[in-house]
Amino acid sequence: MGVAWIPALVAAISSEFPELRITMRLWDLEEAAAWEPDAEIFVRHPDVADRAGYRTTELMQDSYAAVLPAGHRLAGRERIGLEDLRGEVWVDNDYTRGPNRKILMQACAGVGLAPDFRIETQDYAAAVACVEAGVGITVMPQLSWQTVAGMVSGVQALPLDEPGLHRVLAVRTRRRRTALPPSDASLSCCRPESASSLRQRGYIAIPMYLVSRNSSMPVSPPSRPSPDSLIPPKGAAGLETAPD
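None of these values were measured; they are calculated from a predicted model.

It is worth spelling out the pattern of salt bridges at this point. For the structure shown, the criterion picks out 13 salt bridges. A salt bridge links aspartate 38 to arginine 174, with the nearest nitrogen and oxygen atoms 2.8 Å apart. With aspartate 38 in the loop between helix 2 (27-30) and strand 2 (39-44) and arginine 174 in strand 8 (residues 166-174), the pair connects residues that are 136 residues apart, well separated along the chain. Salt-bridge contacts for arginine 97 lead to glutamate 120; the nearest nitrogen and oxygen are separated by 3.4 Å. Highlighted residues: arginine 97 in the loop between strand 4 (89-92) and helix 3 (99-110) and glutamate 120 in strand 5 (residues 116-120), separated in sequence by 23 residues. Each of Asp92, Arg97, Arg101 and Glu120 takes part in salt bridges that share partners, so that together they form one network.

Here it is, written out as structure tokens:
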């Protein structure tokens, strides 16, 4: 989210509120901290506690994909299931053991599969690099794959056709007696139905991608975002966000 979506959202909010200061914090690392963000984008999961005093809006479902090295036995298929990955060497990509990984592990348990994690990495980019090197396969959400796809060559990502294997992305904002325009604007930008209004303001909405018309990121379909024209103004002050 921090690569694929948040930069363009920040650019949209910053252009509307140029004096705003935006602080982004990684949810997995801040979960136990005593903090109250104005807006939080997160993955819905039973282990993710509700926040009292917040309103939650579901945004989208994001399915999972298996990333395979060149010449893999499954290469060329349109879709596969978790059962097809039995016996594979797996590359772990989530050292925080957060909701994304828990959703995957629960789906694996549902089909009696215990992934053979032999390589542990700390992020998706490192994991797909290991796949490119031919040491194993890795599984990640589709949106996460799109953020790193342009960093590797000779690999293939196949959608996983597995019932229940998807994550639900949501946003929650703090309830207030008085309106906080930047917070309301961030919620508005997150909503899928905001696409037409974003276009009128100079932004293009691609399923969960808000992209400036001046950005070098391709419009369709995005692979590796390059939102280098979406840098917020310096010395900005105010809204805290917590991207997932």
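Turning our attention to the side chain of arginine 101. Summarising the element assignment, arginine 101 is placed in helix 3. Of the residues examined, arginine 101 reaches a relative accessible area of 16% and is grouped as buried. Looking at arginine 101, its side chain comes within polar contact range of the side chain of aspartate 92, at 3.1 Å.

Counting across every chain of the model gives one aromatic pair. Consider the rings of tryptophan 90 and phenylalanine 117, whose centres lie 5.7 Å apart with planes at 80°: the pair is edge-to-face. With tryptophan 90 in strand 4 and phenylalanine 117 in strand 5, this pair connects stretches of sequence that are 27 residues apart. You can call tryptophan 90 buried: its relative accessible area is 1%. With a relative accessible area of 27%, phenylalanine 117 lands in the partly exposed category.

Take the pairing of strand 3 (residues 54-69) next. In the sheet, strand 3 pairs with strand 8 via nine bridges, with the strands oriented antiparallel. In the sheet register, methionine 60 faces strand 8, and the bridge partner there is leucine 169. The pairing of strand 3 with strand 7 (residues 155-159) spans five bridges and is classified as antiparallel. Along strand 7, the bridge assignment pairs leucine 68 with glutamine 156.

On to the environment of serine 63. As for its placement among the helices and strands, serine 63 is situated in strand 3. Given a relative accessible area of 29%, serine 63 falls into the partly exposed group. Along the chain, serine 63 and glutamine 142 lie 79 residues apart, while their C-alpha atoms are 5.7 Å from each other. The residues touching serine 63, leaving out its near neighbours within four places in the chain, are Pro141, Gln142, Leu165 and His166.

Most of helix 1 (residues 6-16) sits inside the fold, with nine of its eleven residues counted as buried. Along helix 1, the residues that are buried comprise Ile6, Pro7, Ala8, Leu9, Val10, Ala11, Ala12, Ile13 and Ser14.

Here is what the cut-offs are and how they apply
- Residues numbered from 1 in each chain as written.
- Predicted model: local features only at pLDDT ≥ 70, side-chain atom pairs only at ≥ 80, totals over all residues.
- Heavy atoms only, no water.
- Salt bridge = Lys/Arg side-chain N within 4 Å of Asp/Glu carboxyl O.
- Helix = DSSP H or I, 4+ residues; strand = E, 2+ residues; numbered from the N terminus.
- Buried < 20%, exposed > 50% of the residue type's maximum accessible area, 1.4 Å probe, protein only.
- Polar contact = N/O pair within 3.5 Å; in protein donor to acceptor, adjacent residues only side chain to side chain.
- Phe/Tyr/Trp six-rings, centres within 6.5 Å; stacked < 30°, edge-to-face > 60°.
- Pairing = 2+ DSSP bridges.
- Contact = heavy atoms within 4.5 Å.

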